[in-house]
Amino acid sequence: PLQDVELYQLPVPALSDPKKFAGLFFLACPKAAIEARQKFFTSMGTQVASAEPGLLSLIRGMTRNSSACDEGVTAVISSGFRTTTVMLLRGGHPYFTRDFRLAGDGCTYAFMMGEQWSWKEAEVHKLTYNVKDRDFQVESFVQRWLGEIKRSLDFAEQKYPALKAQKILLTGGTSLWAGL
């Protein structure tokens, strides 16, 4: 329900005419998540003037602090512990985003189960793992993860041909895997 979410908006140029701002990119986030973020910081004695979803912060940071998103269409793949986000930016403006539940914890779990390691041991191994090694214990996870990224990019391009990614930026802890 709308009363349970905070809506955030960013003006975006029309895909057909980048000089004309003709749309809004909306981002919805559960109010409970925003309140939890505020509570976390205030519990440490930090005064919080406003809070926004991590994805909105990522968009602002990528577009204001990196020239990599200035030209053409950039696919930003943000893969953290629990969630991977595929986002398409054109000229620094967001036009498409999709989250899915394959991320770093899935790889750690695959190593943990395959080797019968503790979570800590599997996490340490994951940080030194090279994806090009194609270890059978995690290969299925890596292929599903890459498949979801490809499916997201293909869907966006099929629906909006002007959003064909010319470059990809990886961010988040999972982007540290060697061999990606």
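Rules and cut-offs
Residues numbered from 1 in each chain as written. Predicted model: local features only at pLDDT ≥ 70, side-chain atom pairs only at ≥ 80, totals over all residues. Heavy atoms only, no water. Pairing = 2+ DSSP bridges. Helix = DSSP H or I, 4+ residues; strand = E, 2+ residues; numbered from the N terminus. Axes fitted to C-alpha atoms, helices over the stretch in contact; angles between N-to-C directions. Contact = heavy atoms within 4.5 Å. 1 Å grid on protein atoms, 1.4 Å probe; cavity = no way out; pocket = protein on both sides within 12 Å on 5 of 7 lines; lining within 4 Å. Points joined across faces, edges and corners; volume = space filled by probe spheres on them. Nonpolar A, V, L, I, M, F, W, Y, C, P; charged D, E, K, R; others polar. Polar contact = N/O pair within 3.5 Å; in protein donor to acceptor, adjacent residues only side chain to side chain. Parallel < 35°, antiparallel > 145°, perpendicular 65-115°, else oblique. Left-handed = near helix turned anticlockwise from the far one by under 90°. Salt bridge = Lys/Arg side-chain N within 4 Å of Asp/Glu carboxyl O. Buried < 20%, exposed > 50% of the residue type's maximum accessible area, 1.4 Å probe, protein only. Patch = residues over 30% accessible without salt bridge, like charges linked within 9 Å, V, L, I, M, F, W, Y side chains within 5 Å. Areas by Shrake-Rupley, 256 points an atom, 1.4 Å probe, with all protein chains shown as cover. Expected span 1.5 Å × (residues − 1).

*Asks:* Just to check I follow, could you spell out the sheet that holds strand β3 (residues 73-79) for this structure?
*Replies:* The strands making up a sheet associate through backbone hydrogen bonding, with each pair oriented either parallel or antiparallel. Reading across the sheet, the four strands line up as β5-β4-β3-β6 and stay open at both edges, with mixed pairing between neighbours. With one partner strand each, in any of the chains shown, β5 (93-100) and β6 (167-171) form the two edges of the open sheet. When the angles between neighbouring strand axes are averaged without regard to direction, this sheet yields 20°. Sheet strands in contact with helix α5 (residues 136-159) are β3, β4 (84-90), β5 and β6, and its direction is about 145° off that of β5.

*Asks:* I tried to follow the layout of surface pockets on my own but got confused; where do I start?
*Replies:* In this approach, a probe sized like a water molecule rolls over the atoms, and the result shows the empty space that is left. One number sums up the size of the largest pocket: a volume of about 370 Å³. As for the largest pocket, its lining consists of 19 residues, of which Pro53, Gly54, Leu55, Thr85 and Asp99 are closest to the centre. When contributions to the lining of the largest pocket are tallied by element, the ones reaching two or more residues are β2 (21-30), α1 (31-43), α2 (54-65), β3 and β5. Taken together, the residues that form the lining of the largest pocket break down as nine nonpolar, seven polar and three charged.

*Asks:* It is not clear to me how the side chain of lysine 126 should be interpreted in this structure. Could you clarify?
*Replies:* Topologically, lysine 126 is positioned in helix α4 (residues 119-128). A polar side-chain atom of lysine 126 sits 3.2 Å from the main-chain carbonyl oxygen of glycine 104. A polar side-chain atom of lysine 126 sits 3.3 Å from a polar atom in the side chain of glutamate 123. Setting aside its immediate chain neighbours within four residues, lysine 126 contacts Gly104, Cys107, Thr108, Phe111 and Trp177.

*Asks:* How do you make sense of the packing of helix α3 (residues 104-115) against α5 when you look at a structure like this?
*Replies:* To characterise two packed helices, one gives the angle between the axes of the helices and the distance between these axes. Packing of α3 against α5 brings their axes to within 8 Å, and their N-to-C directions diverge by 155°. Overall, the two elements α3 and α5 adopt an arrangement that is roughly antiparallel. Between α3 and α5 lies a crossing of right-handed hand. The residues of α5 that touch α3, namely those facing Gly106, Cys107, Ala110, Phe111, Gly114 and Glu115, are Gln137, Val138 and Phe141. In terms of residue class, the contact of α3 with α5 is built from five nonpolar, three polar and one charged.

*Asks:* Help me out: how do you make sense of the pattern of salt bridges in this one?
*Replies:* Where charged atoms from two side chains of opposite charge approach closely, those side chains can pair. Taken as a whole and assessed by the stated rule, the structure comprises seven salt bridges. The residue glutamate 139 makes a salt bridge to arginine 134 at a minimum N-O spacing of 2.9 Å. Accessibility expressed as a relative area gives 14% for glutamate 139, which makes it buried. It is possible to trace a salt-bridge network through shared partners that takes in Arg98, Glu148 and Arg151.

*Asks:* How should a nonpolar patch on the surface be read in this particular structure?
*Replies:* Together, Leu2, Leu7, Leu24 and Phe26 make up a nonpolar patch on the protein surface, roughly 430 Å² of accessible area in all. Topologically, leucine 2 is positioned in the segment before β1 (5-13). Residue leucine 2 is classed as exposed on the basis of its relative accessible area, which comes to 64%.

*Asks:* Just checking my understanding: could you explain α3 for this structure?
*Replies:* The periodicity of an α-helix, 3.6 residues per turn, causes residues three or four places apart in sequence to face the same way. Spanning twelve residues, α3 covers 17 Å between terminal C-alpha atoms, matching the ideal 16 Å at 1.5 Å per step. Of all the residues in α3, the buried ones are Gly104, Asp105, Cys107, Thr108, Ala110, Phe111 and Met112. Contacts from the buried residues of α3 go to β3, α4 and α5. Phi turns positive, to about 60°, at glutamine 116, one or two residues after α3.

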